[in-house]
Amino acid sequence: MPSMPTTVTYLFDPLCGWCYAAAPALQYLQGVDGVHVSLAPTGLFAGAGARPMDAQFAAYAWSNDQRIQRLTGQPFTQAYRDQILGAASGRFDSGPATLALTAVAQTAPESELEALHALQHARYVEGRDTAEPEVLADLLRALGLADAAALTHAATAALHNLVAERIASAQATLRAVGARGVPQLVVAGPGGALRLIGGDALLGPREKLLEHILAA
């Protein structure tokens, strides 16, 4: 293992199905001594990327989610289909979840990856709408993250500014490595040069993923 910690930047969106598929790999990396995972939300489905959850988009999302489940084994339940994709006035908007994760990053940064996984499980397995601030605050309180829950419930201008800064930084990193879409992994090599590992590595053998990271 490296003598100095290797920081892996994880570029993601909390409503990205493939990012949910990558959750087991991120959990594995979190447990590897000498590897630090830094979360970088790209805002892919926030702001201009958000949209109403209409029937056409819901059908597209469910088809894609079923493909992800077949390929990776990550579950997408009927509760998710009915209560999230089937919600009459729902929105596909990762802005609130990104804000909640940023609140965690500000108050308990060591828990941000755990919080992301909890949000993903709540959405795709339990069918809870993680585009709703009240749902997000409840989930954070259940994790013992009361300060982050309070910030999420009553977000300050400073927190909104920090969200915008994180998204801008993540998008700059995507451009720097010539990547499009998420999930992606980026490692800073010798001299600070960025190396793209790529999202596909998150879905392959764990040993090969670690080899890619340490080789960078």
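The structure under discussion appears in the preceding block.
Keep in mind the model is a prediction, meaning the values are calculated, not measured.

(A) Highlighting the sheet that holds strand 5 (residues 184–188). In spatial order, the strands read 2-1-5-6; together these 4 strands make up an open sheet with mixed pairing. On the outer flanks of this sheet lie strand 2 (35–41) and strand 6 (194–196), each paired with one strand and no other. Within the sheet, the average angular offset between the axes of one strand and its neighbour, ignoring direction, is 30°. One ladder, built from 7 bridges, connects strand 1 (residues 6–12) with strand 2; its direction is parallel. Bridge pairing in strand 2 links valine 8 to valine 37.

(B) Main features of unusual backbone geometry. A cis amide bond, omega 5°, links valine 182 with the succeeding residue proline 183. Structurally, proline 183 can be placed in the loop between helix 9 (157–176) and strand 5.

(C) The arrangement of the packing of helix 5 (residues 95–107) against helix 8 (residues 146–153) in detail. Contact pair helix 5 / helix 8: the axes reach a minimum separation of 8 Å and the direction vectors enclose 140°. Overall, the two elements helix 5 and helix 8 adopt an arrangement that is oblique. Once helix 5 is placed against helix 8, the crossing between them reads as right-handed. Two secondary-structure elements touch here, helix 5 through Leu99, Ala100, Ala103, Val104 and Thr107 and helix 8 through Asp147, Ala148, Leu151 and Thr152.

(D) Local environment of the pattern of salt bridges. Counted by the stated rule, this structure contains 6 salt bridges. Residue arginine 141 is joined to aspartate 138 by a salt bridge in which the shortest nitrogen-to-oxygen separation is 2.3 Å. With arginine 141 and aspartate 138 both in helix 7 (residues 133–142) and 3 residues apart, this pair spans about one turn of that helix. Given the relative accessible area of 42%, arginine 141 is considered partly exposed.

(E) Fine view of the nonpolar core. Counting residues in hydrophobic clusters, the biggest one holds 52 residues, and the most contacted among them are Tyr10, Leu140, Leu185, Leu202 and Leu209. Other than its neighbours up to four places away in sequence, leucine 202 contacts Tyr10, Ala22, Ala25, Leu26, Pro183, Leu185 and Leu209. Within the second largest apolar cluster, 15 residues are counted, among which are Ala58, Ile84, Leu85 and Tyr124.

(F) Geometry of the environment of glycine 17. Along the polypeptide, glycine 17 turns up in helix 1 (residues 17–21). Residue glycine 17 is classed as buried on the basis of its relative accessible area, which comes to 10%. Sequence separation between glycine 17 and glycine 49 is 32 residues, and the spatial gap between their C-alpha atoms is 15 Å. Setting aside anything within four residues of it in sequence, one finds glycine 17 in contact with Ile68, Phe76 and Tyr124.

(G) Expanded view of the environment of alanine 48. Mapping alanine 48 onto the fold places it in the loop between strand 2 and strand 3 (51–52). Between the C-alpha atoms of alanine 48 and aspartate 93, which are 45 residues apart in sequence, the distance is 9.4 Å.

(H) Looking closely at the packing of aromatic side chains. In total, this model carries 10 aromatic pairs according to the counting rule given. Pairing tryptophan 62 with tyrosine 80 gives two aromatic rings, centres 6.2 Å apart and planes at 35°, and the pair type is tilted. Remark: tyrosine 80 occurs in helix 4 (residues 78–85) and tryptophan 62 occurs in helix 3 (residues 55–72); sequence separation between them is 18 residues. The pair formed by tryptophan 62 and tyrosine 80 is uniform in burial state, with each residue classed as buried.

(I) Fine view of the side chain of arginine 123. Inspection of the secondary structure assignment puts arginine 123 in helix 6 (residues 112–124). Polar side-chain contacts of arginine 123 include one of 3.5 Å to the side chain of threonine 130. Not counting chain neighbours up to four residues away, the residues in contact with arginine 123 comprise Leu15, Met53, Tyr80, Ile84, Phe92, Arg128, Asp129, Thr130 and Ala131.

(J) Here's a closer look at helix 4. Every buried residue of helix 4 is listed here: Tyr80, Ile84 and Leu85. What you see down the axis of helix 4 is that its buried residues fit within an arc of 75°, all on one side. Of the surrounding elements, those touching the buried residues of helix 4 are helix 3 and helix 6.

Rules and cut-offs
Residues numbered from 1 in each chain as written. Predicted model: local features only at pLDDT ≥ 70, side-chain atom pairs only at ≥ 80, totals over all residues. Heavy atoms only, no water. Pairing = 2+ DSSP bridges. Helix = DSSP H or I, 4+ residues; strand = E, 2+ residues; numbered from the N terminus. Axes fitted to C-alpha atoms, helices over the stretch in contact; angles between N-to-C directions. Parallel < 35°, antiparallel > 145°, perpendicular 65-115°, else oblique. Left-handed = near helix turned anticlockwise from the far one by under 90°. Contact = heavy atoms within 4.5 Å. Salt bridge = Lys/Arg side-chain N within 4 Å of Asp/Glu carboxyl O. Buried < 20%, exposed > 50% of the residue type's maximum accessible area, 1.4 Å probe, protein only. Core = buried A, V, L, I, M, F, W, Y, C linked by side-chain atoms within 4.5 Å. Phe/Tyr/Trp six-rings, centres within 6.5 Å; stacked < 30°, edge-to-face > 60°. Polar contact = N/O pair within 3.5 Å; in protein donor to acceptor, adjacent residues only side chain to side chain. Arc of directions from axis to C-beta.

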